[in-house]
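Residues per chain are reported as follows:
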Amino acid sequence: MTLSRRRTLQLGLGAVAAAGCSGVERRPVQASDNLQQNFSVNGQMQLKQRAAAKGIIYGSASNYSPLKQDPQFAKLFAETCGILVPENSLKWGPLRPAPDRFDFTEADWMAQYAQQNKLLLRGHTLVWKHSNPDWLESVTSRTAEKVLTEHITTVVKRYAGRMHSWDVVNEAIGGIPSWRSDGLQTMPWLTTLDKDYIEIAFRAAAAADPRALLVYNDNSVEYDIPVHNRTRSAILELLQYLKSRKVPVQALGIQGHLDAAETRFNANKLRQFLKDVASLGLKILITELDVTDQNLPADQTARDRMVARAYEEYLSVVLDEPAVIGVITWGISDRYTWLNQSNSRKDGLPVRVLPYSDTLTRKLAWNAIARAFDAAPKRG
Ligand code: 9MR
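Computed from a predicted model, the values in this text were never measured in an experiment.

In this section: the overall build of the protein. The number of helices and strands found in the protein is 14 helices and nine strands. Computed over C-alpha atoms, the radius of gyration of the protein comes to 20 Å, within 12% of the 21 Å expected from 2.2 N^0.38 for 380 residues, which places it in the range of a compact globule. Once the C-alpha set of the protein is aligned to its principal axes, its extents read approximately 60 × 50 × 45 Å. Expressed as a percentage of its 380 residues, the buried residues of the protein come to 57%. A separation threshold of at least 6 residues defines the contact pool for the protein, and within that pool the share at least 24 residues apart is 79%. Of the roughly 15,500 Å² of accessible surface on the protein, a fraction of 51% belongs to carbon and sulfur atoms. Averaging the locations of the 47 positively and 40 negatively charged side chains of the protein gives two centres separated by 4 Å.

Moving on, we come to the site of the ligand. Neighbouring the ligand are 15 residues, the closest being Glu-87, Lys-91, His-124, Ser-131 and Glu-288. For the ligand, an oxygen atom lies 2.4 Å from a polar atom in the side chain of Ser-131. A distance of 3.0 Å is found between an oxygen atom of the ligand and a side-chain nitrogen or oxygen belonging to Trp-330. For the ligand, the accessible surface in isolation is 450 Å², of which the surrounding protein chains cover 89%.

Time to look at the pattern of salt bridges. The final tally for this structure, using the stated rule, is 19 salt bridges. Close ionic contact of Glu-262 with Arg-264 constitutes a salt bridge, the shortest N to O distance being 2.7 Å. Its relative accessible area of 7% is what places Glu-262 among the buried residues. Given a relative accessible area of 21%, Arg-264 falls into the partly exposed group. Each of Arg-180, Asp-182 and Asp-194 takes part in a single network of salt bridges with overlapping partners.

Another aspect to go through is the packing of helix H11 (residues 267-278) against helix H12 (residues 300-318). Contact geometry for H11 and H12: axes closest at 9 Å, N-to-C directions at 40°. Relative to H12, H11 is oriented oblique. Crossing handedness for the pair H11 and H12: right-handed. Each of Ala-267, Leu-270, Arg-271 and Leu-274 in H11 lies in contact with H12, whose residues at this interface are Tyr-314, Val-317 and Val-318.

Moving on: helix H9 (residues 196-208). In an α-helix, one full turn covers 3.6 residues, which means residues spaced three or four apart are oriented alike. With 13 residues, H9 extends 18 Å from end C-alpha to end C-alpha; this agrees with the ideal 18 Å at 1.5 Å per step. Those residues of H9 that are buried are in contact with strand E3 (120-127), helix H7 (144-158), strand E4 (165-170), helix H8 (188-193), strand E5 (213-218) and helix H10 (226-244).

In this section: the nonpolar core. Among soluble globular proteins, nonpolar side chains are generally buried collectively. Judged by nonpolar contacts, the single largest core of 122 residues is most densely connected at Trp-166, Trp-189, Tyr-197 and Tyr-216. Looking at this core element by element, the count peaks at ten residues for H12. Grouped together as the second largest cluster of nonpolar side chains are five residues, Leu-213, Ala-251, Leu-285 and Ile-325 included.

Taken as a whole, the protein shows an average pLDDT of 92; of its residues, 91% reach a score of 70 or greater. Here residues 1-32 is modelled with pLDDT under 50, and outside its nearest four sequence neighbours on either side it reaches 56 contacts, counting other chains as well.

Per the counting criterion, the structure on display carries eleven aromatic pairs. A centroid spacing of 4.9 Å and a plane angle of 75° characterise the contact between Phe-73 and Tyr-336, whose relative ring orientation is edge-to-face. Of this pair, Phe-73 sits in helix H4 (residues 71-80) while Tyr-336 sits in the loop between strand E9 (324-329) and helix H13 (339-342), placing them 263 residues apart in sequence. A centroid spacing of 5.6 Å and a plane angle of 5° characterise the contact between Phe-102 and Phe-104, whose relative ring orientation is stacked.

Our next topic: unusual backbone geometry. Omega for the peptide link from His-124 to Thr-125 comes to 5°, which places this bond in the cis form. On the secondary structure map, Thr-125 appears in strand E3. Backbone geometry at Lys-118 places phi at a positive 55°, although glycine is not the residue there. Inspection of the secondary structure assignment puts Lys-118 in the loop between helix H6 (105-116) and E3. Within the chain, Ser-220 stands out as a residue other than glycine whose phi angle is a positive 65°. Counting through the fold element by element, Ser-220 comes out in the loop between E5 and H10.

Of the two faces of strand E2 (residues 83-86), both are covered, the one formed by Ile-83 and Val-85 as well as the one formed by Leu-84 and Pro-86. Alignment of strand E1 (residues 57-62) against E2, held across three bridges, turns out to be parallel. In the strand pairing of E2, Ala-61 is matched with Val-85. Pairing of E2 with E3 involves two bridges; the strand directions are parallel. Looking at E3, one finds that Leu-84 is bridged to Leu-121.

Let us now look at the packing of H10 against H11. Interaxial distance between H10 and H11 falls to 11 Å at its minimum, and their mutual angle equals 10°. In terms of axis orientation, H10 runs roughly parallel to H11. Residues Asn-229, Arg-232, Ile-235, Leu-236 and Leu-239 of H10 pack against Lys-269, Phe-273, Asp-276 and Val-277 of H11. A class-by-class count of the residues in the contact of H10 with H11 yields five nonpolar, one polar and three charged.

What counts, and where the lines are drawn
- Residues numbered from 1 in each chain as written.
- Predicted model: local features only at pLDDT ≥ 70, side-chain atom pairs only at ≥ 80, totals over all residues.
- Heavy atoms only, no water.
- Helix = DSSP H or I, 4+ residues; strand = E, 2+ residues; numbered from the N terminus.
- Rg over C-alpha atoms; globule rule 2.2 N^0.38 Å.
- Buried < 20%, exposed > 50% of the residue type's maximum accessible area, 1.4 Å probe, protein only.
- Contact = heavy atoms within 4.5 Å.
- Areas by Shrake-Rupley, 256 points an atom, 1.4 Å probe, with all protein chains shown as cover.
- Lys, Arg positive; Asp, Glu negative; His and termini not counted.
- Charge placed at Lys NZ, Arg CZ, Asp CG, Glu CD.
- Near = heavy atom within 4 Å.
- Polar contact = N/O pair within 3.5 Å; in protein donor to acceptor, adjacent residues only side chain to side chain.
- Salt bridge = Lys/Arg side-chain N within 4 Å of Asp/Glu carboxyl O.
- Axes fitted to C-alpha atoms, helices over the stretch in contact; angles between N-to-C directions.
- Parallel < 35°, antiparallel > 145°, perpendicular 65-115°, else oblique.
- Left-handed = near helix turned anticlockwise from the far one by under 90°.
- Expected span 1.5 Å × (residues − 1).
- Core = buried A, V, L, I, M, F, W, Y, C linked by side-chain atoms within 4.5 Å.
- pLDDT = per-residue confidence, 0-100.
- Phe/Tyr/Trp six-rings, centres within 6.5 Å; stacked < 30°, edge-to-face > 60°.
- Pairing = 2+ DSSP bridges.
- Nonpolar A, V, L, I, M, F, W, Y, C, P; charged D, E, K, R; others polar.

Okay, here's the thing in structure tokens:
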């Protein structure tokens, strides 16, 4: 097994923790939990139009091959979304097969798809601990700053003027607890450059494209559980530190990998966190929203309702905060979702986690998202 493949598998475990299933016991979920809730939606507008009516951007991540090889999906994607995030094509792994080589084949195709379909484009991600090529392991403290800066400069310049925003640094803190008091997680750049890797990355990105919104993106902030409580504090401290050093970070990306079986959603704590972030002068984007149904009962009607409820409950809280300017789901259809691989169900039933089913029909999750946009206050 190659190192990158092993990393991808490990990611599944990290992401489960990120989704709030960090081994803490949960109340068993009842199929009858929310049968009274009404998910009715008025009118015919698509999600992107409902969001835009409130001054909010809605869109989704997608991999390259579904957009390239599945015309029915590609058409639905363009109808539904206002922004496209290449799910994997801009990560170091696909982009940097060798230290002296870049492969922009997939990313360029996706940028062109976005342009042809009048979608905004969002970059994910310039620094992450996963999906790195094996050769990155051999970068030393002596060369690290040069390697990191050259990568960011080349990639960001290539799409300069065409990127709405960039996830400059992804998941420096969220997920498994760190041994450091600042919460930063072990990864190659921390080993070679210590905390400075974050500042170096943001300054390089700003110099290469002064127009893109530069985002610090992270997970594990939604629930009232120890790991999420710690993550919220550590992210706030990091953002305060970066602002105090005039580092050009302009927004926080909150991934939003939710768990429909998690009952410890604390709206007040989340609202306070969003307010604290906004008070630093930062915008907020929900960047990877999805709702795992891994621990829900098998019954499809009940499952769809519980997933929908999690979407609506979460979005109705975050969209109340005016600093939240965009919502991106991590996929639009159950046909293509990482949760099919990483958080699949023990009973083997296909997951039902995104707004459209695997046959590309709307589910209650679609209604829930539409309702949250319809109810959101209009941005100024
Ligand atoms: O959905 C992505 C999956 O296809 C990849 O195999 C995986 C590893 O690169 O990354 C997944 O996306 C992750 C995102 O890049 C960062 N936050 C967590 C996402 C889900 O694991």
